[in-house]
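Structural features, examined
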Amino acid sequence: MASAQDHGSEAATYRLITWRLVPLLFAGYVACFLDRVNIGFAKLQMAAELQFSDAVYGFGAGIFFIGYFLFEVPSNLTLARVGARRWMTRIMISWGLLSAGFVFVDDVPWGPVSAAFGCTDAEFTFYVLRFLLGAAEAGFFPGVILYLTYWFPAHRRAEIVALFMTGIGVSNVIGAPLSGAILQFADGAGGLAGWEWLFVIEALPSIVLGLVFLALLPDGPQQARWLGDPQRAIVLSRLADEEAAKAGHRHTAAAAFADWRVWTFAAVYFCSIVCLYAVNFWMPTIVQEMGIDTGDYLRVGLVTMIPWSVAIGAQVLWARHSDRTGERRWHCIAGLGAAIAGLLLLAFGAGNAASLVGLTLVTVGTGCALTTFWTLPPAILSGAAAAAGIAWINSLGNLGGYLGPDVMGRVRDANGGDATMAFLLLAGLALVGAVLLLAVPAGRASGRSS
């Protein structure tokens, strides 16, 4: 009877934590991803108005991740030092302000500076703002992954990460029709183009949520006033047990960089992210090229919703199955397999239906792979090694976010808009990621083989 009561008390404690934290973190990630990828819709108007080629757009979309890479590890280490509440607030408000700053992309006279880089003023401003946006946002995602380790033991974490990561899909389900509607119906209002209104309107949630984080987000269980002492003791006890079980694992920041598994995880993540962002940043363009009228942006948004709507449910079900079975690695590999199938369909499939199915498979596959992937690094890392290792995996892997959109743009430019070779390259990288994951010894995330 006592054991059943203890189990019920523990389950109730984690339900409370989930309801208190996950909706807030989820809302932050929705706003974050909206500001990160709305450039895909803005491109439909902005590229023509500012005379951006596919190569210019692809490079600008991807350079976000160079700033992200450079500031990711320092950002996560700072979060571990100053606390999640203040640091998450700083991240969200700064990226919101920078996202709104894209309204000035055609208004900054760089003179000889842009000429020295072989760019127009608008192109150079575009590159600078995308780089700064990546630097400002650096730390949010790995910070959340680290933050969840302050609350949830490993066997509960995959579903929590999945719920959080569905923010990617939800931001697109909400953002795609919203962005399309802004482009179509706000164009010219107040003397601003539709793409300028898009950046201004979609930056506001990030700024507002930054203030909400400051008011509501506790740094950890000991700062959560809504936890009773018995509940806090349950959380801290479970985390202490898990840390004790990691005896012999890497604990220092320096040791994390010396661990070959960390580098292998980073390579796997890189291969996954290349596929995710190559398709994500170009999806509105691919959808428009399925035969939708050039000015029918709302319809582009509604069709773009479809792959992301499927991905939301798939990620949660995938993570629940992974948590229930305790298996992690093969779930991740299977997700990459679905993405490979989708990329091959985009390369060789004929017709609009094949393109839509291909986009859906890539979206679902990468989403499911990444959901289970993020249960793997914390199974081998703890302490300062977790903060540094998770950030390093995320920052190095996110360089794939630079490569993917840039390769798509360059291949399209060189082949008159045909992206077949780019899709084949992406499929090859996803296969490399799956093979690399087989090389990493499976950890034990929940007391079972993972």
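Residue numbers restart at each chain and count upward from 1, following the sequence in its written direction. Reporting of local features is limited, given that this is a predicted model, to residues whose pLDDT is at least 70; pairs of side-chain atoms are given and counted only at 80 or more, and all residues count toward the totals for whole chains, interfaces and linings. To obtain the side-chain values, all non-hydrogen atoms of the structure were used and water was disregarded.

Things to note about the environment of G188
Put simply, the test is: In DSSP terms, a helix is any run of H or I states spanning at least four residues, a strand is any run of E spanning at least two, and both are numbered starting from the N terminus. The contact criterion used throughout is that any non-hydrogen atoms of two residues lie within 4.5 Å.
By the secondary structure assignment, G188 is in the loop between α8 (154-185) and α9 (194-216). When neighbours within four sequence positions are excluded, G188 is seen to be in contact with A193 and G194.

Concerning a negative patch on the surface
Put simply, the test is: Only residues whose relative accessible area exceeds 30% and that take part in no salt bridge are eligible for patches, with like-charged residues grouped when within 9 Å of each other and nonpolar side chains (Val, Leu, Ile, Met, Phe, Trp, Tyr) grouped when within 5 Å. Note that accessible areas follow from Shrake-Rupley with a 1.4 Å probe, and for residues the cover is restricted to the protein chains shown. We define a salt bridge as a side-chain nitrogen of Lys or Arg found within 4 Å of a carboxyl oxygen belonging to Asp or Glu. Just so you know, the count uses Lys and Arg for positive and Asp and Glu for negative, and it drops His and the chain ends. In plain terms, the charge of a residue is placed at NZ if it is Lys, CZ if Arg, CG if Asp and CD if Glu. For the exposure calls, accessible area comes from a 1.4 Å probe over protein chains only, and a residue counts as buried if that area is under 20% of its type's maximum, exposed if over 50%, partly exposed in between.
Together, E49, D106, D107 and D187 make up a region of like negative charge exposed at the surface. The residue D107 is located in the loop between α4 (84-100) and α5 (112-116) in this model. You can call D107 exposed: its relative accessible area is 52%.

Some remarks on the pattern of salt bridges
Under the criterion given, the structure shown has 10 salt bridges. Salt-bridge contacts for K43 lead to D54; the nearest nitrogen and oxygen are separated by 3.6 Å. Taken together, the positions of K43 in helix α2 (residues 39-50) and D54 in helix α3 (residues 54-82) put the pair 11 residues apart, joining distant regions of the chain. The exposure classification of K43 matches that of D54, with both residues buried. A salt bridge links R328 to D323, with the nearest nitrogen and oxygen atoms 2.8 Å apart. D323 shares its class with R328; the two are buried. What you see here is one network of salt bridges that share partners, running through K43, D54, E289 and R412.

Observations concerning unusual backbone geometry
Here Q51, not a glycine, exhibits a phi torsion of approximately 60 degrees, which is positive. Within the secondary structure, Q51 is located in the loop between α2 and α3. Since its relative accessible area comes to 68%, Q51 is described here as exposed.

Description of empty space enclosed by the protein
Here the idea is plain: a probe the size of a water molecule rolls over the atoms and shows the empty space left. The following threshold applies: Lining residues are defined by having an atom within 4 Å of a point belonging to a cavity or pocket. Those points lie on a 1 Å grid over the protein atoms alone, cavities being sets where a 1.4 Å probe fits but cannot get out and pockets being open sets with protein on both sides within 12 Å along at least five of seven lines. Grid points are joined across faces, edges and corners, and a volume is the space filled by probe spheres set on the points. Following the grouping adopted for this structure description, the nonpolar residues are Ala, Val, Leu, Ile, Met, Phe, Trp, Tyr, Cys and Pro, the charged ones are Asp, Glu, Lys and Arg, and the polar ones are all others, Gly among them.
One pass over the full model with this rule turns up 4 cavities of 30 Å³ or more. The computed volume of the largest cavity comes to approximately 100 Å³. Forming the boundary of the largest cavity are 13 residues, of which V37, N38, F41, N172 and A176 lie nearest the centre. Looking at the lining of the largest cavity, the elements that each hand over two or more residues are α1 (2-37), α8 and α12 (260-288). With 5 residues, the top contributor of residues to the lining of the largest cavity is α8. Among the residues making up the lining of the largest cavity, the classes are represented as 6 nonpolar, 7 polar and no charged. The calculated volume of the second largest cavity comes to roughly 70 Å³. What lines the second largest cavity is a set of 13 residues, and nearest its centre among them are Y29, R36, F141, Y269 and Y277.

Points about the packing of α3 against helix α7 (residues 140-148)
For any two helices packed against each other, the geometry is given by the interaxial angle and the distance between the axes. Quick note on the threshold: To define axes, lines are fitted to C-alpha atoms, for helices over the stretch in contact only, and angles between the resulting N-to-C directions are given on a 0 to 180 degree scale. Crossings are assigned a handedness: left-handed for a near helix turned anticlockwise from the far helix by less than a right angle, right-handed for a clockwise turn.
In contact at an axis separation of 9 Å, α3 and α7 are set at 35 degrees when each is read in the N-to-C sense. The two elements α3 and α7 meet at a crossing, and its hand is right-handed. Mapping the contact onto sequence places Y68, E72, N76, L79 and A80 in α3 and F141, P142, G143 and L146 in α7.

Some details on helix α14 (residues 329-348)
An α-helical segment advances 3.6 residues per turn. Residues three or four places apart therefore align on the same side. Heads up, the condition is: To estimate the expected span of a helix, subtract one from its residue number and multiply by 1.5 Å.
Between its first and last C-alpha, α14 extends 29 Å over 20 residues, near the 28 Å set by a 1.5 Å rise per residue. For α14, the set of buried residues is R329, H331, C332, I333, G335, L336, A339, I340, G342, L343, L346 and A347. The secondary structure elements touched by the buried residues of α14 are α12, α13 (297-325), α15 (352-373) and α18 (420-439).

Some points on the environment of F52
Among the structural elements, F52 can be located in the loop between α2 and α3. Residue classification places F52 among the buried positions, given a relative accessible area of 8%. For the pair F52 and R261, spaced 209 residues apart in sequence, the C-alpha to C-alpha distance is 40 Å.

Focus on the confidence of the model for the protein chain
Using the following cut-off: Each residue gets a pLDDT score, which is the predictor's confidence in that residue and runs from 0 to 100.
Confidence in the prediction for the protein chain averages 88 pLDDT; 93% of positions are at 70 or higher. A low-confidence stretch, residues 1-5 stays under pLDDT 50, and its non-local contacts, those more than four residues away or across chains, total 0 contacts. Within the model, pLDDT remains below 50 along residues 443-450, and this stretch shows 24 contacts once partners closer than five positions in the same chain are excluded.

Topic: the packing of aromatic side chains
Each aromatic ring pair is described using two quantities: the centre-to-centre distance and the angle formed by the ring planes. Put simply, the rule is: A pair of aromatic rings is counted whenever rings of Phe, Tyr or Trp (Trp by its six-membered ring) have centres within 6.5 Å, and the orientation is called stacked for planes under 30 degrees apart, edge-to-face for over 60 and tilted otherwise.
Inspection of every chain in the model, using the stated rule, returns 34 aromatic pairs. Between the aromatic rings of F33 and Y277, the centroid separation amounts to 5.9 Å while the plane-to-plane angle is 25 degrees, which identifies the pairing as stacked. Pair noted here: F33 is in helix α1 and Y277 is in helix α12, with a separation of 244 residues, a long-range link. Note on accessibility: F33 and Y277 belong to one class, buried.

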